[in-house]
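# Coordinate analysis (summary)
Chain by chain, the residues:
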Amino acid sequence: DLARAGIGLRLRRDGARWLQTAKGPPLAQAGGALHAREEHEWPVPGPRLDPVRLATTPWRRQFGRALAAARLAPRFTTDFERSTLRVAFPDGTRAKLCADLGVIRAARGSPGGRRRSLRAPIAEVEIELESGSAARLFELAAALTAALPLTVATADKAARGQALVQGRPDGWHRPVRARTVPLPAAAGAAEALSAIAVECLQQVAANAPGLVHDAHPEWIHQMRVGTRRLRSCLALAARVVPADRLAPVVAEIRWLAGILGSARDWDVFATETLPSAAAGATADAATVADFRRLSVRVGRHRHAARAAVRHAVRSARFQQLLLAAGALCALPGFGQPSRPGGAGPKPGAAAFARKLLRRRHRPILRRADASAAGGPEQRHALRIAAKKLRYAAEFFAPLFDAGRARDYAAALAALQDVLGRGNDAATAARLADELAAEGDGAALAALRAWLAANSARLEPELVRARSQFATAKRFWRKP
């Protein structure tokens, strides 16, 4: 129950001492490689909990319920040896560099039945900030990663222990989706964008273990979504932060997005487009057999694209990307310097959002009208504009009325869905051309016919979605 609430409770022996530690859920600045949680620690006389101390924490109610129910028992044990070095940086930042080697132990099964012993290794480097700037920690981590085969870990020991109890020794469970970032009404634009970027980065990093170890296509999809959102967020940050701070990170995100995009295209083609086209094709024996052969060829391309994205995510380049983006986000407001002499206030997030959303909303209807009489280029331009508007609307929705923002987002999502299916068809046609270079046949001819018919069916849906979006109330307008 405590784990579901993001709360950790630990009894730890350090030499002859026993310490009781309570940790809260991840703080807003946590994301990617950065772990940040409110922590309370006290010495205790032996391996026994001190309930009085727990009552002084912000999570007293959760602890109180657990203690009252007499259901508080150890879930797992971490047993490791820590080597520590004190680190001092030129700017005065101080930290501890810790190398931990050991094991996590747990038991799984019903208390009255057969229980199975579980183990997971601990072999990690932790850089703990004592005072100063967290950006220095990222710089040190990047230097270590350049010299050693390290990977960024988004799950701490507590999360890995809980996962082990649930039979997930690698710590990953399900694909991580985008989350809404709470934004204070008085937040500045740079501060808000920095917080949003941290969440986008967390979505990218947290999907890496599952993408590497599991074959489900959703891992690739969610990492791609996170990459797109991060890229979109940093593009907005370029309006309030010098571009030279962002350009190197954006270039690396573009590299990752290209590899993820290729893998995602083959996933959609193999799991959605091709089966639908085969089901709608003439069921003569020759065409059915050709679809089977085509499916095998598509599977080879899909396997190669997945291998490429796994290689990229395992690479030092990907780890350096996570750390570089984390270092950028660790600086308050992306490290934007204070204005000399207080030369005017920094732009507020709400005012920034209103201006941005107004500017991005206006062209959508014009592009929708143009796309009705235009071709694929106009549809593509409309889809890109709608995607950018949707990301911006989702980023800044917490600053405005929730109901109005939700209605607007639903209308925009409906429009984007139709455009997305049209883009899937265009992508499928491109992939079909690639496959034709290896040998054309009845299946590809049937696929092209199905794509053409399906695209024609999207026309009335696009008209309806455009009409609904046109009447959606703009949630950022002042009452």
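Quick caveat: nothing in here was measured; it's all calculated off a predicted structure.

Here the focus is helix H3 (residues 134–147). Compared with the 20 Å implied by 1.5 Å per residue over 14 residues, the 21 Å span of H3 between its first and last C-alpha is a close match. Along its buried surface, H3 packs onto strand E4 (77–88), strand E5 (94–108), strand E6 (116–131) and helix H10 (316–330).

This part covers the pattern of salt bridges. One pass over the full model with this rule turns up 31 salt bridges. Among the ionic pairs, Arg-293 bridges to Asp-290, the shortest N-O distance being 3.3 Å. Placement of the pair is Arg-293 and Asp-290 together in helix H9 (residues 285–314), with a separation of 3 residues, close to one helical turn. What emerges from the salt-bridge pattern is a single network uniting Arg-10, Arg-12, Asp-14, Arg-17 and Glu-41.

Relative orientation of the contacting elements helix H7 (residues 218–237) and helix H8 (residues 243–280) amounts to 150°, with a least axis distance of 9 Å. As judged from the angle between their axes, H7 and H8 are roughly antiparallel. In terms of crossing hand, the pair formed by H7 and H8 is left-handed. Residue classes in the contact of H7 with H8 are distributed as 13 nonpolar, 3 polar and 6 charged.

Turning to the packing of aromatic side chains, a few remarks are in order. Here the structure, examined in full by the defined rule, presents 8 aromatic pairs. Relative to Phe-475, the ring of Tyr-408 lies with its centre 5.4 Å away and its plane at 65°, an arrangement referred to as edge-to-face. With Tyr-408 in helix H13 (residues 402–436) and Phe-475 in the segment after helix H14 (442–470), this residue pair connects regions lying 67 residues apart in the sequence. Each residue in the set Phe-400, Tyr-408, Phe-469, Phe-475 and Trp-476 is aromatic and connected to the rest through ring pairs, giving one cluster. When the ring centre of Phe-80 is taken as reference, the NZ or CZ atom of Lys-157 above it lies at 4.8 Å. Of note, Arg-317 hangs over the ring of Trp-255, and the distance from its end group to the ring centre comes to 4.2 Å.

Our next topic: the sheet that holds strand E1 (residues 8–14). Taken together, the 3 strands give an open sheet; going across it, the order is E1-E2-E3, and neighbouring strands pair in antiparallel fashion. In this open sheet, the two edge strands, each paired with only one partner strand, are E1 and strand E3 (37–44). Pairs of neighbouring strands in the sheet enclose a mean axial angle of 20°, with direction left out of account. Bridge count between E1 and strand E2 (residues 17–26): 7 bridges; the pairing is antiparallel. Counterpart to Arg-13 in the pairing with E2 is Trp-18.

It is worth spelling out a nonpolar patch on the surface at this point. The grouping of Leu-11, Leu-49 and Leu-67 at the surface amounts to a nonpolar patch, some 190 Å² of accessible area in total. Here Leu-11 is to be found in strand E1.

Before going further, it helps to examine the sheet that holds E4. Taken together, the 3 strands give an open sheet; going across it, the order is E4-E5-E6, and neighbouring strands pair in antiparallel fashion. Single-partner strands in this sheet number two, and they are E4 and E6. Across the sheet, the mean angle separating the axes of adjacent strands is 10° when strand polarity is ignored. Two elements, E5 and E6, share 15 bridges in a ladder whose sense is antiparallel. Looking at the pairing, Arg-94 lines up with Ser-131 of E6. On top of the sheet, H3 reaches E4, E5 and E6; it is set at about 125° to E6, its chief contact.

Reading the values: rules and limits
Residues numbered from 1 in each chain as written. Predicted model: local features only at pLDDT ≥ 70, side-chain atom pairs only at ≥ 80, totals over all residues. Heavy atoms only, no water. Helix = DSSP H or I, 4+ residues; strand = E, 2+ residues; numbered from the N terminus. Expected span 1.5 Å × (residues − 1). Contact = heavy atoms within 4.5 Å. Salt bridge = Lys/Arg side-chain N within 4 Å of Asp/Glu carboxyl O. Axes fitted to C-alpha atoms, helices over the stretch in contact; angles between N-to-C directions. Parallel < 35°, antiparallel > 145°, perpendicular 65-115°, else oblique. Left-handed = near helix turned anticlockwise from the far one by under 90°. Nonpolar A, V, L, I, M, F, W, Y, C, P; charged D, E, K, R; others polar. Phe/Tyr/Trp six-rings, centres within 6.5 Å; stacked < 30°, edge-to-face > 60°. Lys NZ or Arg CZ within 6 Å of the ring centre and 35° of its normal. Pairing = 2+ DSSP bridges. Patch = residues over 30% accessible without salt bridge, like charges linked within 9 Å, V, L, I, M, F, W, Y side chains within 5 Å. Areas by Shrake-Rupley, 256 points an atom, 1.4 Å probe, with all protein chains shown as cover.

In short, geometric facts, not functional conclusions.
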